[in-house]
Amino acid sequence: MRRHVWAPAALLGLIAAVLALVLAMTGSTGGSSEDKSSGGPTGPARDDPALGWGFTHTQFSADSGTPDAVARARKLLAGQSVPQDQAIMGWGAGNPEPSPGVYDFADLDRRIAFIRSTGSTPVITLCCAPDWMKGGKPGADHTDWSLKSFESAPLPTHYQDFADLSATVARRYPDVRHFVVWNEFKGFFDDTSQRWNYEGYTQLYNLVHDELKKVNKDNRVGGPYLVMDSYAPADTQFASELKGPWGSVDRRVLDAFTYWNKHKKGADFVAVDGAGFTRDNQALPDPFAALDKFTDVGRWLREHTDGLPLWWTEYYVEPEDSGWSEQRRVAAQAAAMIAIARGGATTAFYWSPQQTSGPCPGCLWKPTQLADGGAALPMYGLVSRFAKEFPPDTRYETVESTADDIPGSGIRVLASAKSVLVVNTLDRAVQARVDGRAVPLAAYEVRWLDR
């Protein structure tokens, strides 16, 4: 998706001030060795297919930067353990197998070691593929990081090679139990027939699934990581049964999901991603009401998979060039998380935007490349508090809410037996009444209440 950021891992190496310490923790990498990276403490319930609310590491993350800032971020993340996801190639990780049988796990070792050091549950996304599996040249010097190359799928003749690489990764990190197969069907769209090559993806998925289960039968494997794209209600070219005021999910996506769901060898969870807005950047009927899409899609997925645990590996609420304030951005994220929870999801990963300097809209912490970096930003406060108050086994309860004298106007609420999350989706202050008490709310305010 257009929101993704990746780059050669060499860029990260330039700023990894703590690299020597981390490598000492993880052991030497490179060459043809498959030596396992040393284990470490990981988060609770690591075998459970439902993990709760966390985030994904991208190109620049808290594992690199100034030593004090990295330490500050590590302490922050250790304070409230949330699951953390990392891809095997791209998004901060270099080519893991630049030539057949020759591995370089230095970057992935560093990321997994950092996750371990926070006591969090690590998740690995098995994407993307080395160049030689895609028809390119072998060798570290021939890694092509261009978008076209990076987003190519392995050739069918190399599906088993990718499955073998996935197994190597699983053996290297024996404490990692959760694996997502591929990312957004990258490279699997057939331009000629204008549909997804879901047969090819499912073949790849099944091979990877079997190899991971051979490594450890308790490994948790899921997919298909499809983007639940939608079109405006007036656009009927690819309309489907899954629709609402927010639009209609692309039927080609549902076709792909249906095929995978029918022909998969097995799955411990279902993983998808998507945005509240349409493919042409419309949030319908308005930016907050558009978030009902997450609820509708989630319920459809749960119904069609006999209740398998549902993951949103990415979720987006803010159209491009929105001009939103951080307060509005956090309110929209909170409303989206409420919608995702109502749709039955028990795991969701915030795709963490990263910068190395200056303001960082939507970031979880202040960039660790800055001397004073690593401190929590408002979005981290939301994600970590949500994870704490609404773990996967939460039983949600219904509470009454009003804003001014109009029932339900502008207020989104999620409640458990102990906590209530209240979001004002309006750009003005309101006098609300929630769960039997008066709650004055500023414009776009997010408020937590104890019960």
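Because the structure is a prediction, the values reported are computed rather than measured.

## Comments concerning the pairing of strand S4 (residues 178-181)
Walk down a regular strand and you will see the side chains alternate between the two sheet faces.
Here comes step 1: The two faces of S4 match: His 178 and Val 180 on one face and Phe 179 and Val 181 on the other face are all buried.
Here comes step 2: Where strand S3 (residues 122-126) lies against S4, 4 bridges are found, and the strand directions are parallel. Following the sheet pairing, Val 123 is matched in S4 by His 178.
Here comes step 3: Where S4 lies against strand S7 (residues 220-227), 3 bridges are found, and the strand directions are parallel. Paired with Val 180 across the strands is Gly 222, a residue of S7.

## Notes on the confidence of the model for the protein chain
Here comes step 1: Scored by pLDDT, the protein chain has a mean of 90; 89% of the residues are at 70 or more.
Here comes step 2: Counting interchain partners and residues more than four positions distant, the pLDDT-below-50 stretch residues 1-30 has 75 contacts.

## Here's the deal with unusual backbone geometry
Here comes step 1: For the bond from Gly 223 to Pro 224, the omega torsion is 0 degrees, close enough to zero to count as cis.
Here comes step 2: Take Pro 224: it is sitting in strand S7.
Here comes step 3: Across the junction of Leu 284 and Pro 285, the peptide omega takes the value -5 degrees, indicating a cis bond.
Here comes step 4: Assignment of secondary structure puts Pro 285 in the loop between strand S11 (269-275) and helix H9 (292-304).
Here comes step 5: For Gln 194, which is not glycine, the phi dihedral falls at a positive 55 degrees.
Here comes step 6: Among the structural elements, Gln 194 can be located in the loop between strand S5 (189-190) and strand S6 (195-196).

## Section: the packing of helix H7 (residues 198-215) against helix H8 (residues 251-263)
Here comes step 1: Relative to each other, H7 and H8 sit at 35 degrees, their axes nearing to 9 Å. The hand of the H7/H8 crossing is right-handed. On H8, the residues touching Tyr 198, Glu 199, Tyr 201, Thr 202, Tyr 205 and Asn 206 of H7 are Asp 255, Ala 256, Tyr 259, Trp 260 and His 263.
Here comes step 2: Class assignment of the residues belonging to the contact of H7 with H8 gives a composition of 6 nonpolar, 3 polar and 2 charged.

## Comments concerning the environment of Trp 351
Here comes step 1: Within the secondary structure layout, Trp 351 lies in strand S13 (residues 347-351).
Here comes step 2: You can call Trp 351 buried: its relative accessible area is 7%.
Here comes step 3: Spatially, the C-alpha atoms of Trp 351 and Gly 54 are 9.1 Å apart, while their sequence positions differ by 297 residues.

## Let's talk about the state of the cysteines
In protein chemistry, a disulfide is the covalent bond that joins the sulfur atoms of two cysteines.
Here comes step 1: All told, the structure shown has 2 disulfides when counted by the stated rule.
Here comes step 2: The side chain of Cys 127 participates in a disulfide bridge whose partner is Cys 128; the two sulfur atoms lie 2.2 Å from each other. Here the S-S torsion is close to 55 degrees, and the disulfide linking Cys 127 with Cys 128 is therefore right-handed.
Here comes step 3: Residue Cys 360 pairs covalently with Cys 363 via a disulfide, S to S 1.6 Å. Taken individually, Cys 360 and Cys 363 each receive the classification buried, so the pair is uniform in this respect.
Here comes step 4: What connects to what in the protein chain, once the bonded cysteines are numbered by sequence position, is 1-2, 3-4.

## A word on the nonpolar core
Here comes step 1: By size, the foremost hydrophobic cluster in this structure holds 115 residues, and its most contacted members are Trp 182 and Trp 312.
Here comes step 2: Top contributing element to this core by residue count: helix H10 (residues 326-342), with 11 residues.
Here comes step 3: With residues near it in sequence (within four places) discarded, Trp 182 still touches Thr 125, Leu 126, Cys 127, Cys 128, Ala 129, Ser 152, Ala 153, Pro 154, Phe 162, Phe 188, Tyr 201 and Tyr 225.
Here comes step 4: The next biggest cluster of nonpolar side chains, apart from the first, holds 13 residues, and it includes Val 420, Val 439, Leu 441 and Leu 449.

Rules of the game
As a convention, each chain's residues are numbered from 1 in the sequence order in which they are written. Local features are withheld for residues below a pLDDT of 70 in this predicted model, meaning they are given only at 70 or higher, and side-chain atom pairs are given and counted only at 80 or more; totals for whole chains, interfaces and linings count all residues. In computing side-chain values, all of the structure's heavy atoms are included and hydrogens and water are not. Each residue is assigned to one of three classes by its accessible area relative to the maximum for its type, calculated with a 1.4 Å probe on protein chains only: buried under 20%, partly exposed between the two thresholds, exposed over 50%. A run of DSSP states H or I qualifies as a helix once it reaches four residues; a run of E qualifies as a strand once it reaches two. Both are numbered from the N-terminal end. Pairing between two strands is assigned when DSSP locates at least 2 bridges connecting them. As a per-residue measure, pLDDT reflects the predictor's confidence and takes values from 0 up to 100. Two residues qualify as a contact provided that any one of their heavy atoms is within 4.5 Å of a heavy atom in the partner residue. Axes, fitted as lines to C-alpha atoms, cover a helix only where it is in contact. Angles between the N-to-C directions of the axes lie from 0 to 180 degrees. Helix crossings are classified by the rotation of the near helix relative to the far one: an anticlockwise turn of less than a right angle makes the crossing left-handed, while a clockwise turn makes it right-handed. All residues other than Ala, Val, Leu, Ile, Met, Phe, Trp, Tyr, Cys, Pro, Asp, Glu, Lys and Arg, Gly among them, are scored as polar; the first ten of these are nonpolar and the last four charged. Criterion for a disulfide: a pair of cysteine sulfur atoms at a distance within 2.5 Å. Residues belong to a common nonpolar core when they are buried Ala, Val, Leu, Ile, Met, Phe, Trp, Tyr or Cys residues joined through side-chain atoms within 4.5 Å.

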